[in-house]
Amino acid sequence: MIESHASARPGSPPPRGGSGGAGTPPARLPVGHGTGRFLVLAGVFVCAACGLVYELELVAVAAYLAGDSVTQTSVVLSVMVFAMGVGSLVAKRLRRHAAAGFGAIETLLALVGGCSAMALYAVFAWTGDRGGVWADGPRCLLVVFSLVIGLLIGAEVPLLMELIQRIRRQDAGRAVADLFAADYVGALAGGLAFPFLLLPFLGQLTGALLTGAVNTVVGAALVLGLFRRDLSRRARRLLRAANAAVLAVLALIAVCVDDFERAARHAVYGAGVRVALHTGVQEVVLTGGTDGRPLKLFLDGRLRISGRDERRYHEALVHPAMTGPHRRVLILGGGDGLAAREVLRHPGVRRVDVVERDPEIARLARRDPALAALGGHAYRDPRLRLTTADVFDRLRRVPPAAYDVIVCDLPGPDATAGAKPYSQEFYGLARRALAPGGRLVVHAGPVSSRPRAFWTVEATLRAAGLRTTPYRTVAPGGPARAPRDRGFVLAARTTPGLRLDPRGPRPGTLTQAALTEQARAVARTRLPGLPPSTLVHPRY
């Protein structure tokens, strides 16, 4: 991709304005060669930062829309790196017109990269529920954007190398070192700016649009300001017009981005959206809860709470673990207060510690009337104490034998962002925090649709030295639908298997007799492939 140049004789100074390629005249610059070279490297810095922001933007939007961030990151990175190599090869044909080619590439990259996040979100919002060929629309578009952006970023390198060499001929190794140093430092700046500046202060869509605008301005300034004499008058007019058009499009979209987000949310969540906010940790959307409509809480686009059947989940999660000593209870996650509501129904509870990483969830659980009522106003109970922290870090600071019960009310193990609380290290810390005879309960995801994930969680708990009992709840799936299930694993530090309160069921809890019988069967067999016991709440 980069041609070497013949070395000058020892002691002889490099020729000023030597050609960057065979037959290519030196650039005629309006500034000195040293200043020109510095400006080109500054342009490399900014363009590299913008390129990495586009890459991270695609990863963030894809993980939000499709989940499984490891898969989405792998797809984006592998496709973009491949496309960058292809783009570098293709750009060799443009080296004789390096300035014009670089200006055109930056203009197109700014348009495609700036609009990529909004295009992905639009396809997901308005075609995601159609099924059929539309079901994979966001994923296909993700690959297309990764390919196009990668091609354009890869094409920058040979052209920038040509421009640097046309300013002042030097050894190819030194030129490559300077170019990639500016490129990598710019990538560092873009990688830090995205999570700490663009995402929290501007959001995904506006951040991408601003990055496109910066990319357009810098690319046009570098070409039209430094290498304008290399362009014909017509080429300069076309480049100015193209950059002005791209800036106008990005500005127009930026003005409409709030309306677009509201319309997209209504398309995804329905017209009952009451709360929609970016907390710095995740996107929180609250719908319903008024006029007889069921309340629903979505985190990063995924339904976490549905007022119609949340009791089935939280009763199954909490009550089996509460059969035994339960004076001190730790809830990991559960900032919505719904698991705490079930824990506080047991009269023997003296203290409940809730650890939630997102303070906005707890704030909504306190102040939103519908969500607070659904949670039984658990935050008003003086026995409940809230800590805002990462659950893993908080568990590391818990003294040994501090709790009788630990409830893991966390996203399912299929969500990569929540994989750390499903690790053997995490369960080892939980085991240390449990008092003798203490219990830990974990939501391990649906059994029927994701059996591998469920049994992996169960095996990981056993590997951490805990005695496990898997069980699940089954809910009707509606007409022409299979029943829905939720899988749980109850783990004990020293007690072999599940022990239930011999006094029988309490009001509103699970059917204790059926639970006891099936739990004993599971405890006797202990086979990894054994279907977990089924708990059906009498009200359903």
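The structure we're discussing is the one just above.
Residues numbered from 1 in each chain as written. Predicted model: local features only at pLDDT ≥ 70, side-chain atom pairs only at ≥ 80, totals over all residues. Heavy atoms only, no water.

## Some details on the overall build of the protein chain
Link 1 in the chain: The number of helices and strands found in the protein chain is 14 helices and 12 strands.
Link 2 in the chain: Relative to its 540 residues, the protein chain shows a buried fraction of 51%.
Link 3 in the chain: The long-range share in the protein chain, meaning contacts at least 24 apart out of those at least 6 apart in sequence, stands at 73%.
Link 4 in the chain: Accessible surface for the protein chain amounts to roughly 24,600 Å². Of this, 60% is attributable to carbon and sulfur atoms. (Helix = DSSP H or I, 4+ residues; strand = E, 2+ residues; numbered from the N terminus. Buried < 20%, exposed > 50% of the residue type's maximum accessible area, 1.4 Å probe, protein only. Contact = heavy atoms within 4.5 Å. Areas by Shrake-Rupley, 256 points an atom, 1.4 Å probe, with all protein chains shown as cover.)

## Some details on the packing of aromatic side chains
Link 1 in the chain: Counted according to the given criterion, the structure contains eight aromatic pairs.
Link 2 in the chain: With centroids separated by 5.7 Å and ring planes inclined at 40 degrees, the aromatic side chains of Phe180 and Tyr184 adopt a geometry described as tilted. Taken together, the positions of Phe180 and Tyr184, both in helix 5 (residues 172–226) and four residues apart, correspond to about one turn of that helix.
Link 3 in the chain: Taking 5.4 Å as the distance between ring centres and 20 degrees as the angle between the ring planes, the aromatic pair formed by Tyr471 and Phe488 counts as stacked. Of this pair, Tyr471 sits in strand 10 (residues 467–475) while Phe488 sits in strand 11 (residues 484–492), and the two are 17 residues apart along the sequence. Judged on exposure class, the residue Tyr471 and its partner Phe488 are both buried.
Link 4 in the chain: Within the aromatic cluster, the residues linked to one another by ring pairs are Tyr121, Trp126 and Phe260. (Phe/Tyr/Trp six-rings, centres within 6.5 Å; stacked < 30°, edge-to-face > 60°.)

## As for the pattern of salt bridges
Link 1 in the chain: Going through the model one piece at a time under the given rule, you end up with 16 salt bridges.
Link 2 in the chain: Taken together, the salt bridges that share partners define one network made up of Glu310, Arg311, Glu315, Arg341, Glu342 and Arg345. (Salt bridge = Lys/Arg side-chain N within 4 Å of Asp/Glu carboxyl O.)

## Structural notes on the side chain of Asp353
Link 1 in the chain: Mapped onto the elements, Asp353 comes out in strand 6 (residues 351–356).
Link 2 in the chain: At 2.9 Å, the side chain of Asp353 forms a polar contact with the side chain of Arg351.
Link 3 in the chain: Ignoring sequence-local partners within four residues, the contact set of Asp353 consists of Val329, Leu330, Ile331, Arg385 and Tyr403. (Polar contact = N/O pair within 3.5 Å; in protein donor to acceptor, adjacent residues only side chain to side chain.)

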